[in-house]
Amino acid sequence: MVATTSGSREGWSSRTAFILAAVGSAVGLGNMWRFPAEAGENGGGAFVLFYIFCVLLIGLPVLLSEVLVGRHGQASAPESVRRVAADSGASKGWGIIGSMGVFAAFLILSFYCVVGGWVLYYIGVFAGDLFQTGLTGGAFEGRAASDIEGLLPGLFGNGGLMVGLNLGFLALTFFFVARGISSGIEWVAVYLMPLFFVLFLAITIYGAFTGNFGEAVSYLFTFDFSKLTGEVMLAAVGQAFFSLSLGVAGMMTYGAYASRETNLGKTSGIIASADTGVALLAGLAIFPIVFAAGLSASAGPGLMFASLPVAFQQMPFGSLIGLLFFIMIFFAALTSSVSLMEAPTAYTLEKFKLPRPVATAIVGVGAAVLGILSSLSFNDMAEFYPLGFIPLFAETNFFDTLDGITAKLFMPIGAILTCVFVGWIADARLIDDENGLDGALHQIWRALVRFVCPIVLTVILAFGLFG
Ligand code: PHE
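I will try to describe carefully the structure that is included in this document. Model, not experiment: these values are computed from the prediction. (Residues numbered from 1 in each chain as written. Predicted model: local features only at pLDDT ≥ 70, side-chain atom pairs only at ≥ 80, totals over all residues. Heavy atoms only, no water.)

1. Considering the nonpolar core
Here is step 1 of the chain: Core analysis: the largest hydrophobic core is formed by 163 residues, its most contacted members being Trp 12, Trp 118, Phe 196, Met 304, Phe 305 and Phe 326.
Here is step 2 of the chain: Residue contributions to this core peak at 20 residues, all from helix H5 (residues 96-133). (Core = buried A, V, L, I, M, F, W, Y, C linked by side-chain atoms within 4.5 Å. Buried < 20%, exposed > 50% of the residue type's maximum accessible area, 1.4 Å probe, protein only. Helix = DSSP H or I, 4+ residues; strand = E, 2+ residues; numbered from the N terminus.)

2. Description of the pattern of salt bridges
Here is step 1 of the chain: Scanning all chains against the criterion turns up seven salt bridges.
Here is step 2 of the chain: Across the pair Arg 71 and Glu 434 runs a salt bridge, and its minimum N-O distance is 2.7 Å. With Arg 71 in helix H3 (residues 45-73) and Glu 434 in helix H18 (residues 428-435), this residue pair connects regions lying 363 residues apart in the sequence.
Here is step 3 of the chain: Take Arg 71: its relative accessible area is 3%, and that puts it in the buried class.
Here is step 4 of the chain: We note a salt bridge from Arg 143 to Asp 147, for which the minimum N-O separation is 3.0 Å.
Here is step 5 of the chain: For Asp 147, a relative accessible area of 38% translates into the label partly exposed.
Here is step 6 of the chain: Salt bridges here are not isolated pairs; linked through shared partners, they connect Arg 71, Arg 260 and Glu 434. (Salt bridge = Lys/Arg side-chain N within 4 Å of Asp/Glu carboxyl O.)

3. Observations concerning the site of the ligand
Here is step 1 of the chain: Taken together, the neighbourhood of the ligand is formed by 15 residues, with Ala 26, Gly 30, Tyr 112, Phe 242 and Ser 245 sitting nearest.
Here is step 2 of the chain: The side chain of Ser 245 places a nitrogen or oxygen atom 3.0 Å from a nitrogen atom of the ligand.
Here is step 3 of the chain: Those elements giving two or more residues to the shell around the ligand turn out to be helix H1 (15-26), helix H2 (29-41), helix H11 (230-244) and helix H15 (318-351).
Here is step 4 of the chain: Residue classes in the shell around the ligand are distributed as seven nonpolar, eight polar and no charged. (Near = heavy atom within 4 Å. Polar contact = N/O pair within 3.5 Å; in protein donor to acceptor, adjacent residues only side chain to side chain. Nonpolar A, V, L, I, M, F, W, Y, C, P; charged D, E, K, R; others polar.)

Below, the structure written as structure tokens:
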């Protein structure tokens, strides 16, 4: 038996809307903030090339697997997996893939909104600066570079402000998710993603003419094999998953709102290309500035926030460019956070038969509690290492622990299980029917999902954790 759409469910109004929403989910802080930070901390070129390898050979096949399960199931992620299992005569226990994903999405939502809060802060700072110093000069006229780099540590030190901004960003996310698919989530994607791309292109072109481009290119694309350790590989896979929104039910949830007419193979290709393109361009936009200003590439999470504002100081129209830059990041972040919130919301709403706003509020309160702990882990609770007994997470605060366990455990494990499920357990005809691929492409995808992805992922996971 093949499951059919339950008539009253909301869905995307068109294929374009689906693509924009899925690209909106994929493109976010992961590309602009996490990618350069991870690349810098993991040795540059070795990380970047392995990351591209992961996107093509692992990310893309897993992406297609996830949207396919969602579209067939037409429900929240756990229920979609159960329906595919039932239609394939397999155990409904496979639904655990969806449940784990929903839980991981919820964890990510909680700390994602913390970083979203930093974006709001910088919008405020640049708006204020534009107002004070006027349009034409650089940003922060007359202030020392150390002063500007101190903005982020200053924010980190202020627990109350961190919590306030965190909750502010979460509230914005809540507002759109509570409104539903077409008038909330789709609305955000359809209006904000095109604006994002316009701003992104303008700023990258501007950056290419003003920064140290050559050094950035050689840093990002010089492959030094000796730097490719197990830990670097795990970080690269984790980044590929994080950036493509994989392994955490997000893409299954969005796939469930796609219509039968949408070609999922093609759509997955578009999503992955857009996401990877933005990540690489973001690296090429951020590192020239980092090098030109003599800053360290391995600055970690603070890289984008601490270094770019220094560069905006030297640019003509710096306050305006800075303001536009952070507005652009805000758009990208919001279209991702709504997808993170939608996965657990769709589940809560379906499971407990609640009205959407109530389900969204439940998820929101939970994310607020964890978010407050993450916000405080930069100041009052900096010495709290929740998983300190595990070597990989020794001296890792609450925020970094959530980031680490989701990207380095939940996502790869979720992806391995998804591949085994789609490649080996689910009925092959059902899968062929959904994936929109034919001929050689279909064979390649199937081989990747059945053999390459699960094996490579298991090896990388083992090396990264125990190697
Ligand atoms: N892909 C998003 C980003 O790069 C983050 C995300 C992860 C969104 C997982 C949904 C699910 O910012």
